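# Commentary on secondary and tertiary structure
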Amino acid sequence: KEMTVEFYNQGASDLHLGRTDSALRRFTYAIELSPEFAPPYVGRARIHLEAGRFALAVRDLTKAIELLPGRAELHVHRGHARLAEGKLDDALADFDLAAGLDSTLIAAVVGRGVVLRLRGNLEEAEKELTRALAMDPTRPETHLERARVYLDWKLLADAERDARESLRMRSTSEGFHLLGV
């Protein structure tokens, strides 16, 4: 177990330093040594997510969820991977599970809002994103997601307001794109 933890810690350090190939090898070795130790699955899933290997991320996150049931943030991460795969129903199920496990987890509420918008349920998406902003109004990505809802709804003044608020907090190309800049 000590070697497993050491390989995991080295992998986490490599990941932090941007050495993803080394991190991936170390996480995989930690998993081979102790397949019932969840953190390396989460680290490896993060690498897969960033590399666009969503099915592999889902596989690793599913294993981590089996090993650590009740961890809401793992369902959020898997929800994002499923969303990236275009599996909206599965993503929504994960965000719902996460919100059920931890009603204060803003990422689950935002994830629900994103899926609802993509499904065309703009009213419910706007409600979820507004609820997330009531929980924490300082998250620029939430303002940006609600701006997308307003844009889809053709509520241009509201979309511009949220896009500008997002940009005020953190300048992003998506925010400028929404404003037509």
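## A word on unusual backbone geometry
Positive phi is not limited to glycine here, since Lys154 has a value of about 65 degrees. On the secondary structure map, Lys154 appears in the loop between helix H9 (140–152) and helix H10 (156–169).

## Re helix H5 (residues 72–85)
Taking 1.5 Å of rise per residue, 14 residues should cover 20 Å, and H5 covers 20 Å from first to last C-alpha, within 8% of that figure. Within the sequence span of H5, burial applies to Ala72, Leu74, His75, Val76, Arg78, Gly79, Ala81, Arg82 and Leu83. If you follow the buried residues of H5, they end up packed against helix H3 (39–50), helix H4 (54–67), helix H6 (88–101) and helix H7 (106–118). Directly beyond the C-terminal end of H5, a positive phi value near 85 degrees is found at Gly86.

## Re a nonpolar patch on the surface
Together, Met3, Tyr29 and Leu33 make up an exposed nonpolar region whose accessible area comes to about 280 Å². Position of Tyr29 among the secondary structure elements: in helix H2 (residues 20–33). Taking the relative accessible area as the measure of exposure, Tyr29 reaches 35% and is therefore partly exposed.

The rules behind each value
Residues numbered from 1 in each chain as written. Predicted model: local features only at pLDDT ≥ 70, side-chain atom pairs only at ≥ 80, totals over all residues. Heavy atoms only, no water. Helix = DSSP H or I, 4+ residues; strand = E, 2+ residues; numbered from the N terminus. Expected span 1.5 Å × (residues − 1). Buried < 20%, exposed > 50% of the residue type's maximum accessible area, 1.4 Å probe, protein only. Contact = heavy atoms within 4.5 Å. Patch = residues over 30% accessible without salt bridge, like charges linked within 9 Å, V, L, I, M, F, W, Y side chains within 5 Å. Areas by Shrake-Rupley, 256 points an atom, 1.4 Å probe, with all protein chains shown as cover. Salt bridge = Lys/Arg side-chain N within 4 Å of Asp/Glu carboxyl O.

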